[in-house]
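As a plain string of letters, each chain reads:
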Amino acid sequence: MNRATVNRVLLGVAGIVLLAVGLLVLAGGLDLYGHLGADPPSWWPLASPDQPVVSARSRTRWVDEEWWWPVVIGGLALAVAGSAWWLLAQLHRSGPATILVPTPGSRGLRLRLRTRALEDVLETGTVALPEVGRTKVWLIRGPGRPRLRVVVRLTPGGDPAALVEHFETGPRTDARTSLGLPELHAELRVTVARAKPPAARTRGGRRKHPRVT
């Protein structure tokens, strides 16, 4: 499971929990149960506007137990550590910051290139291909060798098969040759933009958008 999938799952779960809590607080604060004639069970949280979010009994139920405070402190510490780990994971690149470029004509010379510079060159070469509207390139770590992750948006009517051929013989081959790699694996994600419907013209030559009823 990659980082993007983990982020979506965590944000989705957090969003569902916050939405559920918000709906419960809203329903109790506006006394929706009384207005609708509903009779929630005794254990239901926030059944009326006068009911606190956490009752005094719930707050002091296990305070005198020996395990209570260690569990509370440990749980909060784990939550803080998990949040810090997640934040650091977002700031950390999925690929190397620099990459070694071979210099066949110069012995003893080690040339390192910033990964972002290489990605910019690949993006420039990819967006110059026929029918390419936008592109984004990442150089990420692979099993033993780096690999490319490329997202391309074609113009309306673009041919994905032609793009694959042009990308293979162009930017990918150039990058593999520059890095001196026998093979450079690439993940290519292609979308095609939708064509905008033509606007109708009036007698005066001005465009008139279609009326929707």
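Above: the structure in question.
Small disclaimer: the values here were computed from a predicted structure and weren't measured. (Residues numbered from 1 in each chain as written. Predicted model: local features only at pLDDT ≥ 70, side-chain atom pairs only at ≥ 80, totals over all residues. Heavy atoms only, no water.)

**Student:** Pulling in residues and values, what's your account of the side chain of E123?
**Tutor:** Tracing the backbone through its elements, the reader meets E123 in helix α5 (residues 115-127). The class for E123 is buried, based on a relative accessible area of 14%. In this structure the side chain of E123 is engaged in a polar contact, spanning 3.1 Å, whose partner is the backbone nitrogen of V137. The residues contacting E123, other than those within four sequence positions of it, are R116, T135, K136 and V137. (Helix = DSSP H or I, 4+ residues; strand = E, 2+ residues; numbered from the N terminus. Buried < 20%, exposed > 50% of the residue type's maximum accessible area, 1.4 Å probe, protein only. Polar contact = N/O pair within 3.5 Å; in protein donor to acceptor, adjacent residues only side chain to side chain. Contact = heavy atoms within 4.5 Å.)

**Student:** So what's going on with the sheet that holds strand β4 (residues 147-154)? Which residues, and what values?
**Tutor:** Here we have three strands laid out as an open sheet, ordered β3-β4-β5, and mixed in their pairing. Unpaired on one side and paired on the other, β3 (132-140) and β5 (186-192) mark the two borders of the sheet. The sheet shows a mean angle of 10° between the axes of neighbouring strands, direction not considered. Looking at chain direction, β4 and β5 are connected through seven bridges and run parallel. (Pairing = 2+ DSSP bridges. Axes fitted to C-alpha atoms, helices over the stretch in contact; angles between N-to-C directions.)

**Student:** Which residues make up the packing of aromatic side chains, and what values go with them?
**Tutor:** In this structure the tally under the stated criterion is four aromatic pairs. Ring plane angle 45° and centroid distance 6.1 Å describe the contact between W62 and W67, whose orientation is recorded as tilted. Classification of W62 by relative accessible area gives partly exposed; the value is 35%. Measuring from ring centre to ring centre gives 6.1 Å for W62 and W68, while their planes differ by 35°; the resulting arrangement is tilted. Feature note: the residues W62, W67, W68 and W69 constitute an aromatic cluster, connected by ring pairs. (Phe/Tyr/Trp six-rings, centres within 6.5 Å; stacked < 30°, edge-to-face > 60°.)

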